[in-house]
Structures are given as C-alpha cells and as structure tokens.
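Chain and residue survey
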Amino acid sequence: MKKQPVYSVVIPAYNEQEVITETYNRLTNVMSGIGEPYELVFVNDGSRDLTAQIIADFCRSDKSVRLINFSRNFGHMPAISAGMEHARGEAIFIIDADLQDPPEVFPQMAAKWKEGYHVVYGKRAKRKGESIFKRVTAKVFYRFLRSMTTVDLPADTGEFRLIDRKVCDAVNKMPEKNRYIRGMVGWVGFKQIAVDYVREERFAGVTKYPLRKMMKFAMDAITSFSYKPLKLATMIGFIISLLSFVYIIIAMYQRFFTDQTVEGWASIIAAVLFTQGIVLMILGLMGEYIGRIYTEIQNRPNYIVQEIIDGESIGE
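Residues numbered from 1 in each chain as written. Predicted model: local features only at pLDDT ≥ 70, side-chain atom pairs only at ≥ 80, totals over all residues. Heavy atoms only, no water.

1. Examining helix α3 (residues 76–86)
- A large share of α3 lies buried, amounting to nine of its 11 residues.
- Taken as a whole, α3 has its buried residues at His 76, Met 77, Pro 78, Ala 79, Ile 80, Ser 81, Ala 82, Gly 83 and Met 84. (Buried < 20%, exposed > 50% of the residue type's maximum accessible area, 1.4 Å probe, protein only. Helix = DSSP H or I, 4+ residues; strand = E, 2+ residues; numbered from the N terminus.)

2. Brief notes about unusual backbone geometry
- Despite not being glycine, Asn 15 has its phi angle at roughly 55 degrees, a positive value.
- With respect to the secondary-structure elements, Asn 15 resides in the loop between β1 (7–13) and α1 (20–34).
- One non-glycine residue with positive phi stands out, namely Leu 99, at about 65 degrees.
- In this structure, Leu 99 sits in the loop between β4 (91–94) and α4 (106–114).

3. Notes on helix α6 (residues 165–172)
- Listing the buried residues of α6 in full gives Arg 165, Val 167, Cys 168 and Val 171. Relative to the axis of α6, the buried residues are bounded by an arc of 160 degrees and lie together on one face. (Arc of directions from axis to C-beta.)

4. Brief notes about a nonpolar patch on the surface
- Residues Val 279, Leu 280, Leu 283, Met 286 and Ile 290 make up a contiguous nonpolar surface patch of about 480 Å² in total accessible area.
- Here Leu 280 lies in helix α10 (residues 265–298).
- Leu 280 sits in the exposed class, given a relative accessible area of 59%. (Patch = residues over 30% accessible without salt bridge, like charges linked within 9 Å, V, L, I, M, F, W, Y side chains within 5 Å. Areas by Shrake-Rupley, 256 points an atom, 1.4 Å probe, with all protein chains shown as cover. Salt bridge = Lys/Arg side-chain N within 4 Å of Asp/Glu carboxyl O.)

5. Quick look at the nonpolar core
- Formed by 37 residues in total, the largest nonpolar core has its most connected members in Tyr 7, Val 9, Leu 40, Phe 42, Phe 93 and Phe 106.
- Here Phe 42 is in contact with Ile 11, Ile 20, Tyr 24, Leu 27, Ile 55, Val 65, Arg 66, Leu 67 and Ile 68, once residues within four sequence places are set aside.
- Counting residues in each nonpolar core, the second largest holds 18 residues, with Val 10, Ile 92, Ile 94 and Val 185 among its members. (Core = buried A, V, L, I, M, F, W, Y, C linked by side-chain atoms within 4.5 Å. Contact = heavy atoms within 4.5 Å.)

6. So, the packing of aromatic side chains
- Using the criterion set out here, one finds nine aromatic pairs in the structure.
- With centroids separated by 5.6 Å and ring planes inclined at 65 degrees, the aromatic side chains of Tyr 7 and Trp 113 adopt a geometry described as edge-to-face. Here Tyr 7 is found in strand β1, whereas its partner Trp 113 is found in helix α4, with 106 residues between them in sequence. Take Tyr 7 and Trp 113: they sit in the same class, and that class is buried.
- Among the aromatic residues, those joined into a cluster by ring pairs are Tyr 7, Phe 93, Phe 106, Trp 113, Phe 160 and Tyr 197.
- Looking at Arg 72, its charged tip hangs above the ring of Phe 74, at a distance of 3.9 Å from the centre.
- The positively charged end of Lys 191 is found above the aromatic ring belonging to Tyr 117, 4.7 Å away from the centroid. (Phe/Tyr/Trp six-rings, centres within 6.5 Å; stacked < 30°, edge-to-face > 60°. Lys NZ or Arg CZ within 6 Å of the ring centre and 35° of its normal.)

7. Concerning the pattern of salt bridges
- Counted by the stated rule, this structure contains eight salt bridges.
- For Lys 112, the salt bridge is made with Glu 115, and the minimal N-O distance between the two is 3.9 Å.
- Accessibility expressed as a relative area gives 52% for Glu 115, which makes it exposed.
- The salt bridge involving Arg 165 is made with Asp 169; its shortest N-O contact spans 2.9 Å. Taken together, the positions of Arg 165 and Asp 169, both in helix α6 and four residues apart, correspond to about one turn of that helix.
- You can call Arg 165 buried: its relative accessible area is 15%.

Written as structure tokens, this is what we have:
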C-alpha cells in the first residue's frame, strides 16, 4: 500500500541535464532532514537533452520520485500546473530545477505552514549573479504589476513557495489557459506569509527566460489579472482628443482673428505620427485581450502527458 506523502515537491525542468542531479541530491537531503513522508514530482517540459533519462534513473532507484513527461515543450506555467495537479501531499513546494531558489529554505516554509499559514512564499532579499539591468527591470516590473492588478501580489517573489492542499485544489479548479501561477495563488486568498532568502546564481546551464519570453510573461501577468490597461488606453485617447480639439480652436482663432499664421508642417506631421502611434498601441493592447479570449474559447488542454514514471510502481 502506498504511503501518503505529507509533502510534495513540484520541479518543472526543461533542458537541465547539467544541474538536475545536483537538484535531486539537494532536494533529497533537505526533504530527508524534515523527517516526514514526501515525494518529488519532476515535470519534464519536452526537454531535448538527457534531462528525462536522468530523472527516469532516479525513479528506478528512489520510490519517492515521479516523472511526468510532456509530449513537447508547453512552457513553465503549464509544467507547474501539471505538477500541482499530480501532487498528492498535504503541502506542496514549488521550485525550479536551476537551484537559483535554494531548497534549504524548505524547513522554514514547513515551519510556517505548521503554524497555520496556507501559503509561504519566498521573498528575494538579494539576487546574486544578476546584471544591474535585470535587477532594475525586475524591481520595476513587480511594482508596476502590483499597481496594474487588483490582486495583492508581493514584490520580489516568484513561484518558489509552499502552498497548502486547500490552495492547490482551489488553483487546480481554475480553468483558464493563460496561467500565471503566483497571481492565481494570490487571487484565491487564504493566510499568506513571506520568508526572506538570497537568490543564488544558476548552478549550471543557461536561463530559460530571455528578454523575449520575459516580455511575454509580463504581458500574460498583466492581462490575466487586470483590465486597467484598457482603462488607461481609454484615458490616453480621451486626453489626446481633448488636446487636439484645443489645438484646433487655437489654430482657427489665429487664422481668423489675428495676423498670425499657423506654421510648422514638421510639427504637425510629428503630432499626427504620434497620435497614430498611440492608436496602434491601443489596438495592439486590445488585440492582446482578444487573443486571450480566443485561446480560452479554443479550450485546448494546457499540456499533454506522454508518460508518467512512478518510482513506487517500478519498485513493486
């Protein structure tokens, strides 16, 4: 009979062959030290390297390990969602495989959970090995996101956290396709608290979030939890229309009641181009929301599982 784990650790992984063994070793050491039944749920997000084979070897030697293999790369958020949906523990840790978020913080999170907190999220007190550009843009992004959404999203946090089974079940019931996990966890509420930690450099490998993906991630985060950008676009359009009307009145007054003539075709062309740029930006913003409506209507699954390798089943 399978022993019900108290803790589940969800680890999304994509092309992490250089670090995945170290990740497994450190997770095993930390979870063994906690001293309660646990499981490690690795989600292979369509890796093209040896990540899946290495984790499959862990399953053969360790009954606490499970591997969920996707049929292709679906992305970070679907991988976390799959891990949460397959987790069996009463408390679920979420951590990336790159070891930038140290698993050694888990005991602190578990202690807060036992005090009665339903969500214990890691808050980055310091970021090692990141450029000034990365740190500044991250700080600006998190504060901008908080101002644009109606959900209380703590600054300087990621998906690194512990969530209670109640929270996990509530998030799993949310059907949207454009998933922003930390926002969804914040939206469901419950009792939450932060644990400060130092974010490390990547142990090995390269980042899976280049600037292009970070921009898409930011747009998903904002449009998933707020329609304030649409209100802002409306306000900008109203202000520009008002200023244009005032400018027309001034130009007509100068033309018919003074000797001054309206000069400066270059400035007029610049103004026209500026307003057209604003219009195109607003249309693009509306397109982002319409595109998300289209994705929701399609109702395709967030991911497709190719196979699940369970260490307990192998050991039987």
